[in-house]
There are 2 protein chains.
Amino acid sequence: MSESNLRGINLSIALVHHPVYDKNRSIVATAVTNLDLHDIARAARTFGLHRYYVVTPLEDQKKLASRIVEHWQTGFGSSYNPKRKEALDLVRITGRLEDVVQDLEKESGRKVKIVATGAKGNSVNIAFDEMRKLLEDATQPYLLLFGTGWGLADELLHCADYVLEPIRGAGTYNHLSVRSAAAIIMYRLLG
Amino acid sequence: MSESNLRGINLSIALVHHPVYDKNRSIVATAVTNLDLHDIARAARTFGLHRYYVVTPLEDQKKLASRIVEHWQTGFGSSYNPKRKEALDLVRITGRLEDVVQDLEKESGRKVKIVATGAKGNSVNIAFDEMRKLLEDATQPYLLLFGTGWGLADELLHCADYVLEPIRGAGTYNHLSVRSAAAIIMYRLLG
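This is a predicted model, so every value here is computed, not measured.

Asker: Quick rundown of the relation of the copies chain B and chain A? Include the residues and the values.
Answerer: Mapping chain B onto chain A calls for a screw motion: a turn of 180 degrees about the axis and a shift of 0.0 Å along it, with 0.0 Å RMSD after fitting. Each copy turns onto its partner about a two-fold axis. Most of the interface of chain B is mirrored in chain A: 100% of its interface residues are interface residues there too.

Right, dumping it as structure tokens:
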């Protein structure tokens, strides 16, 4: 295994469906989107990440997400498109962020460092290049948080170890989908 | 307008639904995907691109794509989410790539340079950094081609002025969605 294959081995991603904001800045639980599962899993596999957690407290949404993943892991999809299976094998469906952290800490025996992301750029305390450097310590597990809806609730930014700088566009418009933002950030940190 | 706002002004994108390959490498016309319109339009607006063409020869698919775009440009969506309108204002639905080229050449009075993209890396003749440099000549219009399905037909790679290097992942797995690939490439060229 070449060195480049090891990059990303200590980085996981969590797509958070609660607590996040809606357009009126109320805290909500958003619905799971099929293409969030696929696109982010495929990018995570491409850039060599450890795991992709889909976090939703809603039982019906957990079931829906599990059914989609199973279709590609063991159902018809697994033979129809094995590359898709390889990507979706990274996915774990969980109810709470605490469970994600516990899962990673149990596995690694280390305290996980949480890295929040967001488009607004409030509370930012780490740049892409610094984060890229930190990831070189392969024994330290990191968890990147992405918010659905209108972004992660502030309480998640406050309890994170790091808040990553936002992706900057050409002007003031900055409304990437979470799928696009996650792809660019994985590329920026590991590509 | 700051200099950074001008970057991208000479770059448009075309999402090609025909001629592209299916998984058995047959030439097909793929169906338009709702989130391809949204995600790529939002990234194109974020990175300051000139226009986003959706190319499909199928009349029912053109109608479907037009209805989606109109919903956000002038329908309920335009007041519900004006930021989405700003992004989808970049979209044009066309039947053939020739119409896209004609449209851009009529507008600019210059011959358009076509830049094909792909994951396989065949026929590549330009790196990201070189392409980024070429884009600095704001009087020269460029058109980036992205393929849906299993990628652009070889005939499009052969008639392109440039074939851009692929995005490299951590290992041999390289199966980004077209939405993720387009986001990363726009970021790489203009971010």
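Asker: I'd like to hear about helix α6 (residues 97–108) of chain A, residue by residue, with values.
Answerer: Each α-helix winds once per 3.6 residues, and so residues spaced three or four apart point in a common direction. All names here are of chain A. End to end, α6 covers 17 Å across twelve residues, agreeing with the expected 16 Å (1.5 Å per residue, within 8%). Every buried residue belonging to α6 is among L97, V100 and L104, and all of these are buried. Here the buried residues of α6 occupy an arc of 60 degrees about the axis, which is enough to place them on one side. Within α6, the exposed residues directed more than 90 degrees away from the buried face are E98 and K106. If you follow the buried residues of α6, they end up packed against β1 (11–16), β4 (51–55), β5 (91–94) and β7 (142–147). Phi for G109, located one or two positions after α6, is positive at around 70 degrees.

Asker: Got a sec to walk through unusual backbone geometry? Specific residues and values, please.
Answerer: All names here are of chain A. For the bond from H18 to P19, the omega torsion is 0 degrees, close enough to zero to count as cis. Even without being a glycine, S123 presents a positive backbone phi close to 65 degrees. Within the fold, S123 resides in the loop between β6 (113–116) and α7 (128–134). For S123, a count of 13 C-beta atoms within 10 Å corresponds to the partly exposed category.

Asker: A description of the packing of helix α9 (residues 178–190) of chain A against helix α9 (residues 178–190) of chain B should follow, citing residues and the corresponding values.
Answerer: Packing of α9(A) against α9(B) leaves a shortest axis separation of 8 Å and a crossing angle of 55 degrees. One element, α9(A), and the other, α9(B), form an angle in the oblique class. Between α9(A) and α9(B) lies a crossing of right-handed hand. Contact with α9(A), carried on its side by A:R179, A:S180, A:A183, A:I184 and A:Y187, involves B:R179, B:S180, B:A183, B:I184 and B:Y187 of α9(B) and no other residues of that element. For the contact of α9(A) with α9(B), the residue count by class is six nonpolar, two polar and two charged.

Conventions and cut-offs
Residues numbered from 1 in each chain as written. Chains lettered and ligands numbered in written order. Predicted model: local features only at pLDDT ≥ 70, side-chain atom pairs only at ≥ 80, totals over all residues. Least-squares fit on C-alpha atoms with pLDDT ≥ 70 in both. Contact = placed C-beta atoms within 7 Å. Helix = DSSP H or I, 4+ residues; strand = E, 2+ residues; numbered from the N terminus. Expected span 1.5 Å × (residues − 1). Buried ≥ 20, exposed ≤ 12 C-beta atoms within 10 Å, placed from the backbone. Arc of directions from axis to C-beta. Axes fitted to C-alpha atoms, helices over the stretch in contact; angles between N-to-C directions. Parallel < 35°, antiparallel > 145°, perpendicular 65-115°, else oblique. Left-handed = near helix turned anticlockwise from the far one by under 90°. Nonpolar A, V, L, I, M, F, W, Y, C, P; charged D, E, K, R; others polar.

Scope: geometric values only; no functional claims are made or implied.
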